[in-house]
Amino acid sequence: MNTPCILLHSILFYDLTFTAFKRSTLNRLAMRCKWTIIVSVALTFATATSMASEHELPTKQLFTDHCESCHSGTNAKGDFATAKLSADFNDKQNRELWLTVLEQLKEGSMPPKDKPRPAANKLQSVVDWINAQAEKAEIARRATEGRVVMRRLNRAEYANTVRDLLGVEIDLTDLLPLDTSTNGFDNNAELLHTSSFLLRNYLDAADRVLDEAIANEPEPWILKKRFDIREEKSVKSTGSVYRHTDDGVAIFATWESANIRVTMWNFRSHVRGKYRFRISGYGFQSEGKPITFRVTAGTLKEVTEERLIDYFAVPADKPTVIEFTEQLEPENRIRILAEGLPALPPAVEKIGADKYTGPGLVIQWVDVEGPILESWPPPSHKAIFGDLKLARISPERFEVASQQPMVDAERILRNFARRAFRRNVSDEDIKPFLARVKLKLDQNDSFEQAMRVGLKGILVSPDFLFLREQAPKLDDFALASRLSYFLWSSMPDEELFQLAETNTLHQPKVLREQVDRLLSDPKAKAFNTNFMGQWLSLRAIDATLPDGTLYPEYDDILKTSMLKETSLFFDEVLRNDLPLTNFVSSDFSFLNARLAKHYGIPGIEGMEMRRVALPSDSHRGGLLTMGSILKVTANGTTTSPIVRGSWVLERILGTPPPKPPQDVEAIEPDIRGATTIREQLAKHRNVESCASCHREIDPPGFALESFDVIGGWREHYRATGEPREVNGRRVRFWNGPAVDPSDSLSDGRTFQNIDEYKKLILEDKDKLARNLTEKLIAYGTGAAPTHADKPQVDAIVGHARDNHYGFKTLIHEVVQSALFQSK
Amino acid sequence: MNVHRRTFIRSAGVSLALPWLNVFADESRDSLDAMLPPRRMICICAPLGLHPDNFFPTQTGKDYTLSPYLDILKGFREEFTVISGLAHAGMGSSFAHQASASFLTGAPGAGRPGFRNTISLDQFAADHIGTQTRFPSLALSGEGSGGLSWTRTGALIAADNSPSRVFSRLFLEGNSEDVQQQIHRLEDGRSILDDLSEQAQSLRSGLGIEDRDKLDEYLTSVRELEQRMSIDESWAKKPKPKVSVEPPKDIANAADLIGRTRLLFDLSHLAIQTDSTRLITIMLAGSSFAPPIEGVSLGHHDLSHHGKDPLKLEQLKIVELETMKTVRDLLSKLKQSKEGGNSLLDRTSVFLGSNLGDGSSHSTKNLPVLLAGGGYRHGQHLAFDVNNPPPLCNLYVNMLQRLGIEADKFGTSTGTLTGLEMSQG
């Protein structure tokens, strides 16, 4: 048994999913086949049966010597006989079988451990041969079928598409399960499957979407009211932390666990919709300093029924109005929570809120207006039915009526299908839907009921659910969709449709303008959320909650600020076409007071995030040293150089470490002990079989050991122990062993700390650009590039190099590439 | 293969009151088995594991001392088997959480790039016995829509996390207008699907081989759903079973994992009792928030990463003991419900396990496994060699056979599990 390795893999890849570009051809193909059984097979030795009438394959000798004692005849182990393999790599099933064999040979899981190994050179030549055959077949396949298989909309794309198709924002997460994202992104065409269960849910989702879009209810009334929070029952004027002033309420403390917080029970949203809020307040007795507060919304009945709207800050003494608009479900309320006030409620209550002289937050009033309706019936309704009149069919229900049903039906379905299918539609395309509507009308369904069946049919048809792309080169409609799903995670808008219609979209200049336009549209937020969020695994930010004993300073405001930092930084680099090397090292970031304090950077006040020039000794700048990244690459208790090191290789350098062996067992981390993780890991570097991978994985991991699980700088590990006081706070952690962030790269270059490490990896800028190119192509097309695409990827990297590695330039280059414009 | 219909009809007079006989259609069971109430299966996954020191007994065989967690189930000692040492083949510790995707499928390499899942145990069984009940299977979850059930093509089946919604699907009839509307909806759905298969057929001709595979997956889904909806339609015309309990109220607080588990278990008991389904999968919640339990101040996920901190271990134990109590109460309910001379527990295999052998180290070896009820020779601790265990899928073959399905293989199985024997027919 190999103890050091055991430890390594126990903590590898914690809570993350990974991309593996270098191996992607193999994996992509290998995993597609049904080979569950083969893995459990054990090989032994005996004589072989021949491979029937096949030509002699270059693998024959190896198979005869090492495989066929088990894998032959009718009782072949694992239901696999080598005779099943043929030389025809164009045959999909055969190819996949070969790739499974390849995988097992490379991994060394076959022949089994207790059997003699094939000679290394013989093994290698077989591996090379299979690789070459597979690649040849793959290139041939692409010429006729394209690189990317027909892709279904994923959950986010579906939701955004119905939003833009119909103008409804609606939660469908209970109907549409999260898509698999084993290749790093959850829009991988290969892995997006369909099942009868999903299809049933699509039918239900279509109902829900149409119910929301179509105005069957009477026009809702609009609430427009100024709320005086002095009238709130939660804000008692005596014996509490609130002082009723002439103009509002001064809040001196917030204590959530004791329910000391200002909840606006007097307001409730009566229907779903957007509501506009205006809150007027100022810092009270705050000695010139702004006061921070956050606003949450939800039913507020449970901790999980409350979501953050945002953090705000108001200046001292000067009444200031903050304004925001929020989408609310029915029966939602809002809550106002002052942040960062020094006193706990008992201290204020002891003195009395009327006499208390410490800082507080005055809220003067809250204006609410909503739901905000653009029109009635709403745009979603008009998007389907245009100006057709609504008729009252019962006191509380309206339906669309038509004087000439089939004429209207045809027009409506044609318009709807064109946008839903993201291309021009023919008579043939809408014929089945129209026929169905007619049948329904003939069966005496009302016009609207019949239309709903037709519309629902469109919303579950393959033309809507799948992106239709042509091999080899995409037509302009398909290109429009590829582009809009890349940058918006949604369907093309009218301008893109127009350009596709005139067949001009593919022109380099037009395409360039469109990329710029799409990126500057608010819908490009989806690129930030979905591309960046998955590239950097930020979606996993809540996978663990840091241990409150070891990290009492972690709270929601810090987490929110961290996420904003990364998101704003990404957008800044993108918008200004800054060099992508900024992702590794940068002299600026986005901070607010809370995050600046966490990073130990002085002089930042207030809650709003702003661009800040970083001091040269801050150890910050770039993604690697951001709180958000350091948080998602740690569990709530400990950091692991392996997890973080792998993350850097995988996400930043694009050289993912090989799969960890499957037969190493885990041991438990121990946070009581006095040994550092470095000491625990030290031994494995001396074991060659471990070291070959770990000398790549460990160095960035060690460099990042200077940061704790929430991204705070540390010289020492924290260890649990007896309670003590730190800065007036009772804590249960002590300084443990010292951190040693130094190490050397596999090529021998050494570094003392993270700052030096960053410099080293910045020396190979092409590597960073190549990684991002591969990620952008994987995300932008629904399939990761493979070895066969290397020349094209290199060309894109070359263009980026010629343009100072600008990140936006890189996106342009990706879009301009044949790789992006081909199926 | 012989269905002794006459035997069945002769005795039907006394038995028709039993829900399971209303839909006698299975041709694969022999006559003796056909006279007995049907077999069922509930599969439960605790996604953060169960702390092994508290779960596994030290001794093996029949005369073992109950572990702290099993002590909760002491009243059922003779009705469960605890199994140690098992693991799924081909699972590493680096994707320990992702391994929950393979918990009921056994597909190796969950979480690895390009991973594709295979059919889960319950869906495999549903292909054989699913048409006999209103719902072929139920996929439930304590939070989110990720569950344990996967289709033959490796697509996740969205699990339902709302007990009130499931209850209403199972038991709430609505007035005749609602029923009519439901039938209408199903008819509309079927006609839409009908149109779609024609459309998709014409679309198919212009596609390459791999695109065609994708479209075929879609087409197969359309056909399967059409068939299912036609079965649903006939069910929709039959009254739903009546139960004399209040509809459950969903617990909005995701941190309340015990409360949520309890609701799911109660619902599962009702679903089995009324023979609404015979196959249930339940993914328990594993929240990052601290559950509202006395003495617990940290979230379950973080407790599972205890790093041997004694305070965390103590809290972890409190949470997991509460989970075990919900399991005990599920077993009690099944035990108390009688069905033709047997208890429901005798006819229901209740399988509790996890994708994690140890939450702190992320080990996927030595998975906690408990099998209760269902008609096995229970009352023992079956221990296997942790370093060379049989695949967990072997147990799944036992469970399939126990359901009366003639399967000798499932996933990575190499046979059935040695030492686990059936006790009845």
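Sequence order sets the numbering: in each chain, residues are counted from 1 along the sequence as written. Chains carry letters from A onward and ligands carry numbers from 1 onward, assigned in written order. Thresholds applied to this predicted model are a pLDDT of at least 70 for local features of residues and 80 or more for the giving and counting of side-chain atom pairs; totals over whole chains, interfaces and linings are not thresholded and use all residues.

S.K.: Whenever I open this one, the overall build of chain B confuses me. Can you help?
M.R.: Helix and strand assignments come from DSSP, with helices taken as H or I runs of at least 4 residues and strands as E runs of at least 2, each series counted from the N terminus. Helices and strands together make up the secondary structure of chain B, namely 13 helices and nine strands. A total of 425 residues make up chain B; the buried ones form 55% of that total. In this description, any two residues whose backbone-derived C-beta atoms lie within 7 Å of each other are considered to be in contact. Taking the contacts inside chain B whose residues are at least 6 apart along the sequence as the reference set, 67% of them involve residues at least 24 apart. As a rule, residues whose C-beta atom has 12 or fewer other C-beta atoms within 10 Å are exposed, those with 20 or more are buried, and those in between are partly exposed; C-beta atoms are placed from the backbone.

S.K.: Would you mind showing me how to read helix H18 (residues 556–575) of chain A here?
M.R.: Residues and elements named next belong to chain A. Here H18 spans 28 Å end to end across 20 residues, near enough to the 28 Å set by a 1.5 Å rise per residue. For H18, every residue scored as buried is listed here: Ile557, Leu558, Thr560, Ser561, Met562, Glu565, Thr566, Ser567, Phe569, Phe570, Val573 and Leu574. Of the residues one or two after H18, aspartate 577 is the one with positive phi, at around 50 degrees. A helix is expected to reach a length of 1.5 Å times the quantity of its residues less one.

S.K.: Looking at this structure, how should I read the environment of valine 815 of chain A?
M.R.: Along the polypeptide, valine 815 of chain A turns up in helix H27 (residues 807–816). Here the alpha-carbon distance between valine 815 of chain A and aspartate 429 of chain A, two residues 386 residues apart in the chain, equals 30 Å.

S.K.: Help me understand the sheet that holds strand E8 (residues 306–314) of chain A in this model?
M.R.: All names here are of chain A. Strands were regarded as paired on the criterion that DSSP finds at least two bridges between them. If you trace the four strands from one edge of the open sheet to the other, you get E5-E10-E7-E8, paired in antiparallel fashion. Edge positions in the sheet fall to strand E5 (262–263) and E8, since each has one partner strand and no second. By the bridge criterion, eight bridges tie strand E7 (residues 291–298) to E8 in an arrangement that is antiparallel. Paired with valine 295 across the bridge in E8 is aspartate 310.

S.K.: Could you clarify how one ought to interpret the pairing of strand E4 (residues 279–283) of chain B in this entry?
M.R.: Looking along a regular strand, one sees the side chains alternate between the two faces of the sheet. All names here are of chain B. Here E4 lies mainly inside the structure; five of its five residues are buried. Side chains Leu279, Thr281 and Met283 project from E4 onto one buried face, and the interleaved Ile280 and Ile282 project onto a second face that is buried too. Strand direction decides the pairing type here: strand E1 (residues 40–45) and E4, joined by five bridges, are parallel. Across the sheet, the residue bridging to isoleucine 44 is isoleucine 282, located in E4. Relative to E4, strand E3 (residues 138–141) runs parallel, the two being bridged by four bridges. By the bridge assignment, alanine 139 is partnered in E4 with threonine 281.

S.K.: Would you mind showing me how to read helix H5 (residues 121–129) of chain B here?
M.R.: Residues that lie three or four places apart on an α-helix share one face, since the helix turns once every 3.6 residues. Residue and element names in this part refer to chain B. Counting buried residues along H5, seven of its nine residues qualify, which places the element largely inside the surrounding structure. Residues of H5 that are buried: Leu121, Asp122, Gln123, Phe124, Ala125, Ala126 and Ile129. At its buried positions, H5 is contacted by E1, E4 and helix H13 (392–402).

S.K.: Would you explain the sheet that holds strand E9 (residues 380–383) of chain B in this entry?
M.R.: Across a sheet, strands are paired by hydrogen bonds formed along the backbone, either parallel or antiparallel in direction. All names here are of chain B. A sheet is described by the order of its strands in space; here seven strands give the open sequence E3-E4-E1-E7-E8-E2-E9, paired in mixed fashion. One side of each edge strand has no neighbouring strand; the edge strands of this open sheet are E3 and E9. Within the sheet, the average angular offset between the axes of one strand and its neighbour, ignoring direction, is 15 degrees. A fitted line through C-alpha atoms represents every axis, and for helices the fit uses only the stretch in contact; the resulting angles, taken between N-to-C directions, go from 0 to 180 degrees.

S.K.: Even after reading the chapter, I still don't get the pairing of E1 of chain B, so can you show me in this structure?
M.R.: All names here are of chain B. Counting buried residues along E1, six of its six residues qualify, which places the element largely inside the surrounding structure. Relative to strand E7 (residues 348–353), E1 runs parallel, the two sharing six bridges. Along E7, the bridge assignment pairs isoleucine 44 with leucine 352.

S.K.: Any chance you could explain the environment of methionine 41 of chain B here in plain terms?
M.R.: All names here are of chain B. With respect to the secondary-structure elements, methionine 41 resides in strand E1. Methionine 41 gets classed as buried once you count the C-beta atoms within 10 Å, which come to 26. In contact with methionine 41, other than residues within four places in its own chain, are Asp122, Ala125, Arg278, Leu279, Thr348, Ser349, Met399 and Leu403.

S.K.: Is there a simple way to explain the packing of helix H7 (residues 176–204) of chain B against helix H8 (residues 209–237) of chain B in this structure?
M.R.: For any two helices packed against each other, one specifies the inter-axial angle together with the distance between the axes. All names here are of chain B. Contact pair H7 / H8: the axes reach a minimum separation of 9 Å and the direction vectors enclose 160 degrees. Considering their axes alone, H7 and H8 lie roughly antiparallel with respect to each other. In the crossing of H7 with H8, the sense of the turn from one axis to the other is left-handed. Three classes are used: nonpolar for Ala, Val, Leu, Ile, Met, Phe, Trp, Tyr, Cys and Pro, charged for Asp, Glu, Lys and Arg, and polar for all others, with Gly counted as polar. In terms of residue class, the contact of H7 with H8 is made up of 14 nonpolar, four polar and nine charged. Any angle that is under 35 degrees is reported as roughly parallel, and any over 145 degrees as roughly antiparallel; angles of 65 to 115 degrees are reported as roughly perpendicular and all others as oblique. When the near helix sits turned anticlockwise from the far one by under a right angle, the crossing is termed left-handed; a clockwise turn instead gives a right-handed crossing.

S.K.: Would you explain unusual backbone geometry in this entry?
M.R.: Across residues other than glycine, the phi torsion is negative in most instances, and most of the peptide bonds are trans. All names here are of chain A. With an omega of -5 degrees, the peptide bond between glycine 370 and proline 371 qualifies as cis. Assignment of secondary structure puts proline 371 in the loop between strand E11 (360–370) and helix H9 (379–385). Note that the residue after alanine 471, namely proline 472, is joined by a cis bond; omega there is -5 degrees. With respect to the secondary-structure elements, proline 472 resides in the loop between strand E14 (466–467) and helix H14 (476–487). Phi angles above zero are rare outside glycine, and arginine 422 is one such case at about 60 degrees. Relative to the assigned elements, arginine 422 resides in the loop between helix H10 (405–421) and helix H11 (427–442). If you check the backbone angles, histidine 804 has positive phi at about 55 degrees while not being a glycine. Within the element layout of this structure, histidine 804 appears in the loop between helix H26 (790–802) and H27. A residue is classified by how many C-beta atoms lie within 10 Å of it, and histidine 804, with 13 of them, is partly exposed.

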